[in-house]
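# Per-entry structural report
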Amino acid sequence: MSRGRVRLRVLARLWLAELRAHRGRATATAATLVLGTALLTAALVVGASMQASVRDGAGVEFAGPADGAGRTGADVVVRTASVAQGAAGVSGATSTGMGPDDVAALRRLPGVEAAGTLTQAVVAAQVGDRVRGITLESLADDASVRWQGLASGRAPVDGTEVAVTRRTLDELRIGEGDQLALARPGVGRARFTVVGVLDVRGSPRHGASAYGVVTPAVAQALARVDGPTTALLRARPGVDPMALVRQVNRDAPVGFPETAATLEEATLGANSERLTALGSVVSAFAAAGLLVAALVLATTTLVALASRRRTLALVRCLGASRAVTVGLVATEALALGLGGGILGTAAGVGVARAALPLVAAVPGLPEVDGGSFTVDAVAVLAPVGAALLLAAVAAAAPAVLVGRISPTEALRGPSPGHARAHRLATVLAPAAVAAGVAALLAGPGWAWPALGVLLVLGGAVGATAPLLRLAGQAGHRLAGRDLLQRLASRQVAHQPTRAAAEVVAVVVAVALVTGAWVGLSSMGETASARLSQERAPDLTVGVAAGSGLVTPAAQRTVARVDGVAAVVPVAYGRDVAVVGRGGDGRRVRLTVGTAGVGPTGLSAGFPRGAPVDRLRDDALYLPETDFPPYPAGARVRLEGPAGVARDLEVVYLDDLPVPSLVSRRTLDRAAAAVEPREAWVRLADGADRARVVDEVTGLAVLSGPLPVDGPAFLDVRLGHAVGTARTAATGLLALAVLVALIGAATTLGLSVTEQRREHATLRALGMERRRLRALLLRRVLVVTLTGSLVGVALGGGLAVLVVRRVAAGLDVDPVVAWPALPVLALVAVVVVVARLASLLPLERAAAVRPARALAEGPA
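Residues numbered from 1 in each chain as written. Predicted model: local features only at pLDDT ≥ 70, side-chain atom pairs only at ≥ 80, totals over all residues. Heavy atoms only, no water.

### What to know about the environment of Leu653
Mapped onto the secondary structure, Leu653 falls in strand β19 (residues 643-653). Leu653 gets classed as buried once you look at its relative accessible area, which sits at 10%. Ignoring any residue separated from it by four or fewer positions in sequence, one finds Leu653 in contact with Pro611, Val612, Tyr621, Leu622, Pro623 and Glu624. (Helix = DSSP H or I, 4+ residues; strand = E, 2+ residues; numbered from the N terminus. Buried < 20%, exposed > 50% of the residue type's maximum accessible area, 1.4 Å probe, protein only. Contact = heavy atoms within 4.5 Å.)

### Thoughts on the packing of aromatic side chains
Inspection of the entire model under this criterion finds 1 aromatic pair. The interplanar angle of 25 degrees and the centroid separation of 6.4 Å between the aromatic rings of Trp147 and Tyr211 together place this pair among those described as stacked. Taken as a pair, Trp147 in the loop between β4 (130-138) and β5 (149-153) and Tyr211 in strand β9 (residues 211-214) lie far apart in primary sequence, 64 residues in all. By relative accessible area, which is 4% here, Trp147 ends up buried. (Phe/Tyr/Trp six-rings, centres within 6.5 Å; stacked < 30°, edge-to-face > 60°.)

### A few points about the pattern of salt bridges
All told, the structure shown has 19 salt bridges when counted by the stated rule. Across the pair Arg616 and Glu649 runs a salt bridge whose closest N-O atoms are separated by 2.7 Å. Residue Arg616 is located in the loop between α18 (601-605) and β17 (619-623), and its partner Glu649 is located in strand β19; the two are separated by 33 residues in the primary sequence. Judged by its relative accessible area of 25%, Arg616 falls in the partly exposed class. Salt-bridge contacts for Arg664 lead to Asp668; the nearest nitrogen and oxygen are separated by 3.2 Å. Of the two residues, Arg664 and Asp668 both sit in helix α19 (residues 664-670), 4 residues apart, roughly one turn of that helix. When salt bridges with common partners are traced through the structure, they connect Arg616, Asp618, Arg635, Asp647 and Glu649 into a single cluster. (Salt bridge = Lys/Arg side-chain N within 4 Å of Asp/Glu carboxyl O.)

### Examining the pairing of strand β10 (residues 230-235)
Of all 6 residues making up β10, 6 are buried, and the element is well covered by its neighbours. Taking every second residue as pointing to the same face, both faces of β10 are buried, with Thr230, Leu232 and Arg234 on one and Ala231, Leu233 and Ala235 on the other. Inspection of the sheet shows strand β1 (residues 76-79) paired to β10 by 4 bridges, in the antiparallel sense. Residue Val77 lies in a different strand from β10, and its bridge partner there is Leu232. The sheet contact formed by strand β2 (residues 112-118) and β10 spans 6 bridges and is antiparallel. For Val112, the partnering residue across the bridge sits in β10 and is Ala235. (Pairing = 2+ DSSP bridges.)

### Here's the deal with the sheet that holds β10
The strand order across the open sheet built from 4 strands is β2-β10-β1-β11, with neighbouring strands paired in antiparallel fashion. Strands with a single pairing partner mark the edges of an open sheet, and in this sheet they are β2 and β11 (256-259). This sheet shows a mean twist of 20 degrees between the axes of neighbouring strands, independent of strand direction. Sheet topology places β1 next to β11; 4 bridges connect them, and they run antiparallel. (Axes fitted to C-alpha atoms, helices over the stretch in contact; angles between N-to-C directions.)

### Brief notes about the nonpolar core
In terms of nonpolar packing, the biggest core is built from 52 residues, with Val292, Leu297, Val506, Leu794 and Val830 touching the most fellow members. Here this core gets 13 residues from one element, more than from any other, and that element is helix α16 (residues 496-532). When near neighbours in sequence (up to four residues on either side) are disregarded, Val292 contacts Ala505, Val508, Ala509, Leu512, Ala736, Val739 and Ala740. By size, the runner-up hydrophobic cluster in this structure holds 23 residues, among which are Val127, Ile174, Val197 and Leu222. (Core = buried A, V, L, I, M, F, W, Y, C linked by side-chain atoms within 4.5 Å.)

### A word on a negative patch on the surface
On the surface, Glu624, Asp626, Asp654 and Asp655 cluster together into a negatively charged patch. Position of Asp655 among the secondary structure elements: in the loop between β19 and β20 (661-663). (Patch = residues over 30% accessible without salt bridge, like charges linked within 9 Å, V, L, I, M, F, W, Y side chains within 5 Å. Areas by Shrake-Rupley, 256 points an atom, 1.4 Å probe, with all protein chains shown as cover. Lys, Arg positive; Asp, Glu negative; His and termini not counted. Charge placed at Lys NZ, Arg CZ, Asp CG, Glu CD.)

### Digging into helix α7 (residues 216-223)
Every buried residue belonging to α7 is among Val218, Ala219, Leu222 and Ala223, and all of these are buried. Projected down its long axis, α7 carries its buried residues within an arc of 125 degrees, all on one side. Of the residues trailing α7, Arg224 is marked for its positive phi of about 60 degrees. (Arc of directions from axis to C-beta.)

### So, the confidence of the model for the protein
Chain-level statistics for the protein give a pLDDT mean of 78 and a share of 77% at 70 or above. Throughout residues 84-94 the model reports pLDDT below 50, and contacts reaching past four residues in sequence, or to other chains, amount to 13 contacts. (pLDDT = per-residue confidence, 0-100.)

Given below as structure tokens:
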């Protein structure tokens, strides 16, 4: 047998003997690795499943029935003007349906194999005081292109029935068999009974908003059309869908034809990038749990070295080389990393599968069914590889220390090198933190900030022992006559490296949670503050052209919404035009719409200052563009049925929210009649913007329907995104804290084992078991509380630096938000859980028999 095989066999036997002798330590360390790997695996699997769900759902509206046989579905979609505009984000336009001749012409096209038509309408759904905008459709009249399914119940068959999605029922807080009201101005309001729950098969468009189906007659009545608004065409075999689009445009020019593939690609583009970004953020937070687990592995291995020094020395005395002893430590860490990685990956896949139904409960995320559950190679191999890599890194420092231990030094006792290492850490740690801060503040690009974060984290970890020493010294001075507190503080002050090993994982985990909370909250507040500083109304109801009027009744209804501070009507002159000379001297006539606002309208409608303080009667205001129709300062006139307002100076303004603007007095000189086509809405400070936007949007549907736009929409979407990320970060990093606490309890157990003689001496000197337990508990509380506070300061400081860096890159003023109550609650929870986790090790320490422990000698 070769010498290498003998060495491997000896190494394996020694490793198995170590595992049997320290089952508890190995089990707890492996458990932390399993939890960390499971977190990362679950995040990767859920992210891949969401992407698969979007891919599967992007074209489901054109795929035909789920259980259809043969060729089904549509290759080309033909939509009327209002439906096409609605798909682009403009709602409330007047619709025109397809006549019988139009539909017949589409069916007769030589490239069409099958055709189905349907009608779409946007109305308001109301249950009690809850109003929601809802998209309604009729089922396609050709079953081969009808894509919706039914989760329960049946499809509507008469004019008093409706089927809606489960999400719609939840938003309106009703169930199958209940009633809801559907209304649209000019049509009326009627009650409908919910007879079925729709299965929209993961459609990103209809799965994320209120959606239902009604009979064709009801859909056409609500849309105020005489025929269908959409046609779904399936091409004959061998016919290119683009060729069919050209046929429609040439021989049956009805609406706007597009290929289903184009619409599917647009849906993917709108959703896939967002989910990829969210999946990357979630995976990064999940990877933090695995990083904490690796840190636990490193600290437990380091602490265990002190108790294994004599064993390793005896192995060396029996002839083992340095390579064998180093391999013993490294093999233990790698084996735990491999085993924990495999078990954690399997557990993570199971957790991800069980958590799929919960994904849809998070606002903005798609519904993921079992058919979209995806476990790819990356989700399986990456966590196992990461666990092995981190285990190797965690074993590096202990392995190096083992290689430096000589048998005679190990048999004599602990090495005096701890004091030198402590002094070195005291010097290098602040230097690393300072270098990291400098890189975060001054380094170009993003490579330097990433290096800065690593330097600050490394420096903070290195500074943990000196900080604990200072905390122990301060606690000893403040203890007064409290003997237990003085002893506990003295232990921490005299053994800061051991205390740091116990709590360093807690420091990093608390820093990650605090940094995530502060960073996400600050980024949300920074973006919200930037939106609030925009010189534009929070919301604009209506548009200059293409929608109904914002009637006085609609203005009063919106003004009564709790959280609306002001509603300013914006009147447009009917049949007025701006006439003047362009830059080349030619006559330019603008009929884009001219608005007039009273003297108090600007200050009332704009939350943070209007583009201009006061509207002059001799000025015409236009939005700043790259191609101005008139030179700045030019003189133009406003012509209308009532007369002409002459000699108006052209003034260009940034962020002007109307096509052109004059004072109301100037508008009245030219316009015989004015129409309130828009209303500027300013929200009250501190209002629940999501609720106000939701209510105003619902009321706008009832009042027109009228389109609603403005910075408040982006603010609400940003708030939802930050809330989603904060929820994900809290859940994932809370498990990282749990991993850290398990590691702290394991390290504490090892530390208690090493101090058996010290505890036995205290018992022999007369200290009762109860008092010894209380002494050890106070030490745990001092160490954990200090480590938690260090983690809070570290995470908060890093978050502030990163937020300032991001804000500087975006050229905005940073706003730092400190969620004080959650952070304090986090510290309290960590201290309480650490106390509970340490009960068993402390009970074992307090139960030590003085005579036996003193007789056994050093561990």
